[in-house]
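Single-letter residue listing:
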Amino acid sequence: MDDLNPLAGTAHLLEEVDKKLMVLLRDGRTLIGYLRSVDQFANLVLQRTIERIHVGNQYGDIPRGVFIIRGENVVLLGEIDREKEQKLPLKEISVDEILDAQRREQEQRHEKHRLVSKALKERGLAVNADIINEDFC
């Protein structure tokens, strides 16, 4: 009978209301907050939300407050285990430091991409940005 219920998939999210969740978005951002509301389209409302940025073994948290997420942008969603959260093998650094580290990492990735593109062109290969990813760099 659950096959006829259009809410069967998203209705399970109702069990997660008021729990601390981690949400990975399609654009690569990671949000952590308390789920306050969900609808039939899996749109989410997170409260006391932070955006967590990881660079290497370091991370920084940017406070975002109340965050509304369109369901189609959610790639992954899971409950935070509070015991494991306290034992992270990562080092927390300030927002300014993590943003600077993220910028440097993106610049390095861009430079690698540029060098790979140049090497492919020199060998007479067409450069397709969609297929050049971190596997080649």
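Our structure's up above, just so we're on the same page.
What you are looking at is a predicted structure, and each value in this text was computed from that prediction instead of being measured. (Residues numbered from 1 in each chain as written. Predicted model: local features only at pLDDT ≥ 70, side-chain atom pairs only at ≥ 80, totals over all residues. Heavy atoms only, no water.)

Colleague: Before we move on, can you summarise the sheet that holds strand E4 (residues 58–69) with the specific residues and values?
Modeller: The sheet built from 6 strands is open, its strands ordered E5-E1-E2-E3-E4-E6 with mixed pairing. Only two strands of the sheet have a single neighbouring strand rather than two, namely strand E5 (74–79) and strand E6 (91–92). Examined bridge by bridge, E4 and E6 share 2 bridges and lie parallel to one another. Across the sheet, the residue bridging to Tyr59 is Glu92, located in E6. (Pairing = 2+ DSSP bridges. Helix = DSSP H or I, 4+ residues; strand = E, 2+ residues; numbered from the N terminus.)

Colleague: Describe the nonpolar core, with residues and values.
Modeller: It is characteristic of soluble globular proteins that their nonpolar side chains tend to be buried jointly. Residues Leu13, Leu21, Val23, Leu25, Leu31, Leu35, Val38, Ala42, Leu44, Leu46, Phe67 and Ile69 constitute the largest nonpolar core, which totals 12 residues. Not counting the four nearest positions on each side in its chain, Leu31 is found in contact with Leu21, Met22, Val23, Leu25, Leu46, Thr49, Ile50, Glu51, Phe67 and Ile69. Core analysis: the next-biggest nonpolar cluster, separate from the first, contains 6 residues, Ile53, Val55, Ile62 and Ile93 among them. (Core = buried A, V, L, I, M, F, W, Y, C linked by side-chain atoms within 4.5 Å. Buried < 20%, exposed > 50% of the residue type's maximum accessible area, 1.4 Å probe, protein only. Contact = heavy atoms within 4.5 Å.)

Colleague: Before we move on, can you summarise the pattern of salt bridges with the specific residues and values?
Modeller: Any two side chains of opposite charge can pair, so long as their charged atoms come close to each other. Taken as a whole and judged by the stated rule, the model has 12 salt bridges. The partner of Arg29 in a salt bridge is Asp27, with the nearest N and O atoms 2.8 Å apart. Taken together, the shared-partner salt bridges connect Asp100, Arg103, Arg104 and Glu107 into one network. (Salt bridge = Lys/Arg side-chain N within 4 Å of Asp/Glu carboxyl O.)

Colleague: So, the environment of Leu21: which residues are in play, and what are the values?
Modeller: Mapped onto the elements of the fold, Leu21 is located in strand E1 (residues 20–25). For Leu21 and Gly78, which are 57 residues apart along the polypeptide, the C-alpha to C-alpha distance reads 5.5 Å. Among residues more than four places away in sequence, those in contact with Leu21 are Glu16, Leu31, Ile32, Gly33, Leu35, Leu77, Gly78, Glu79 and Ile80.

Colleague: Quick rundown of the pairing of strand E3 (residues 44–55)? Include the residues and the values.
Modeller: With 7 bridges joining them, strand E2 (residues 30–38) and E3 adopt antiparallel strand pairing. Within E3, the residue paired with Leu31 across the bridge is Glu51. Where E2 hands over to E3, the hairpin turn is made up of 5 residues, of which Ala42 adopts a positive phi near 65 degrees. In the sheet, E3 pairs with E4 via 10 bridges, with the strands oriented antiparallel. Note on E4: the bridge partner recorded for His54 is Tyr59. Linking E3 back to E4 in an antiparallel pair, the connection comprises 2 residues, with Gly56 at a positive phi of about 60 degrees.

Colleague: Describe the pairing of E2, listing the residues and the values that go with them.
Modeller: When you tally the buried positions in E2, you get 7 out of 9 residues, the bulk of the element. Pairing geometry for E1 and E2, over 5 bridges, is antiparallel. Of the residues in E2, the one forming a bridge with Met22 is Ile32. Between the end of E1 and the start of E2, which pair antiparallel, lie 4 residues, with Gly28 showing a positive phi angle near 95 degrees.

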